[in-house]
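# Results of the structural survey
This is what each chain is made of:
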Amino acid sequence: MARFTLGSVAGKAALIGALMLGGCGLLPEQVDETTGWNAQRLYSEAKTSMSEGAYDRAIQMFEKLEARYPYGRYAQQAQIEVAYAYYKQGEQALSLAAADRFIKLHPNHPNVDYVYYLKGLVNFNEDLGLLAGLSRQDLSERDPKGAHEAFESFRDLVTRFPESRYADDSRARMQYLVNSLAAHEVHVARYYYNRGAYVAAINRAQTAVANFPQAPSNEEALFLLVKSYDALGMTPLRDDADRVMRTNFPDSVLLLRRPGERQTVVAALVSLRAG
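In this text, all values refer to a predicted model and were calculated from it rather than measured experimentally.

Quick notes on the rules
- Residues numbered from 1 in each chain as written.
- Predicted model: local features only at pLDDT ≥ 70, side-chain atom pairs only at ≥ 80, totals over all residues.
- Heavy atoms only, no water.
- pLDDT = per-residue confidence, 0-100.
- Contact = heavy atoms within 4.5 Å.
- Helix = DSSP H or I, 4+ residues; strand = E, 2+ residues; numbered from the N terminus.
- Expected span 1.5 Å × (residues − 1).
- Buried < 20%, exposed > 50% of the residue type's maximum accessible area, 1.4 Å probe, protein only.
- Arc of directions from axis to C-beta.
- Axes fitted to C-alpha atoms, helices over the stretch in contact; angles between N-to-C directions.
- Parallel < 35°, antiparallel > 145°, perpendicular 65-115°, else oblique.
- Left-handed = near helix turned anticlockwise from the far one by under 90°.
- Nonpolar A, V, L, I, M, F, W, Y, C, P; charged D, E, K, R; others polar.
- Polar contact = N/O pair within 3.5 Å; in protein donor to acceptor, adjacent residues only side chain to side chain.

## So, the confidence of the model for the protein chain
On average, residues of the protein chain carry a pLDDT of 82, and 75% of them reach 70 or more. In this model, residues 22-27 is a region of pLDDT below 50 whose contacts with residues beyond four sequence positions or in other chains number zero contacts. The low-confidence segment residues 126-136 (pLDDT under 50) makes seven contacts with residues lying over four places distant or belonging to another chain.

Written out as structure tokens, the structure is:
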């Protein structure tokens, strides 16, 4: 039977440890392919990755560029590109953070107007996407937080840079957002009205009329005011709202005059909206 002494065990352990340490030096080290690249090559490779949809690699390249060459023109452009790459990748918070950082560092940069525009695009949901389309969800029914933030970014752009190449498109998007925000208030007012919460319906309809006076959905907002005041027995206020509605929407289908017809239209409207 073999005998193991304390000395032999310790010696073998030391030998194994030495072999393991020596073996570590035999493992290949991870090689950074960008070692020695200048700013122009880093930027070019990052842009190529962007065009191929490899946004993770593009972001890594742009970040290496900024770290190695922080004071050149490529570094500033890389900061913008990173914000755009995060936007394309669907990383909303990271894109906004990168855009805000650029605006803070370079408020007078020739392309800072684009960064404001990009901030607006990040929050602007022009396309509801596949799932929203399948559920037939309307923009007015969604959380308006993003719409408000998009509006503020576009407004910053057109206020600070009225001659920007992005100004006209921003103004058009702002109008779209105004109409959507107004429609959202009317959607909530309609929800309350259908459930008999007439005071809440009045508050939301008044918000739509006061804050978005030119929005198309104000026709229904005024109509909901008329019906809510009528349901509460507040005849003078009902008549005031009715007068305002007739002045602003004289051809509205909701202004049928024969007894009973208005209520029929209300029922049809509620049924349409609910569907």
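Back to the write-up after that little detour.
## Let's talk about the side chain of Asn 123
With respect to the element layout, Asn 123 can be found in helix H6 (residues 112-123). When sequence neighbours within four positions are dropped, the list of residues in contact with Asn 123 reads Gln 92, Leu 96, Gly 146, Ala 147, Glu 149 and Ala 150.

## Considerations on helix H5 (residues 92-105)
The end-to-end C-alpha distance of H5 is 20 Å, a good match for the 20 Å that 14 residues give at a rise of 1.5 Å each. Where H5 is concerned, the buried positions are Ser 95, Leu 96, Ala 98, Ala 99, Phe 102 and Ile 103. Down the axis of H5, the smallest arc covering the buried residues is 160°, so these residues share one side. For H5, exposure combined with an orientation more than 90 degrees from the buried face picks out Ala 93 and Lys 104. Buried residues along H5 sit in contact with helix H4 (73-89) and H6.

## Quick look at the packing of H4 against H5
The contact between H4 and H5 brings their axes to 7 Å, and the two run at 160°. With respect to their mutual orientation, H4 and H5 come out roughly antiparallel. Pair H4 / H5 crosses with left-handed handedness. For the pair H4 and H5, contact is made by Gln 76, Gln 79, Ile 80, Val 82, Ala 83, Tyr 86 and Tyr 87 and by Leu 94, Ser 95, Ala 98, Ala 99, Arg 101, Phe 102 and Leu 105, respectively. For the contact of H4 with H5, a count of residues per class yields ten nonpolar, three polar and one charged.

## Brief notes about the packing of helix H2 (residues 39-51) against helix H3 (residues 55-68)
Where H2 contacts H3, the two axes come as close as 8 Å, and the packing angle between them is 160°. Looking at the two axes, H2 sits roughly antiparallel to H3. When the axes of H2 and H3 are compared, the crossing they make is left-handed. Residue-level contacts link Ala 39, Leu 42, Tyr 43, Glu 45, Ala 46, Lys 47, Ser 49 and Met 50 of H2 to Tyr 55, Arg 57, Ala 58, Met 61, Phe 62, Lys 64, Leu 65 and Arg 68 of H3.

## Quick word on the environment of Asn 123
Relative accessible area serves as the criterion here: at 6%, Asn 123 is assigned to the buried category. When the C-alpha positions of Asn 123 and His 148 are compared, they lie 8.6 Å apart, and in sequence the two are 25 residues distant. In terms of polar contacts, Asn 123 uses its side chain to reach the side chain of Gln 92, at 2.9 Å.

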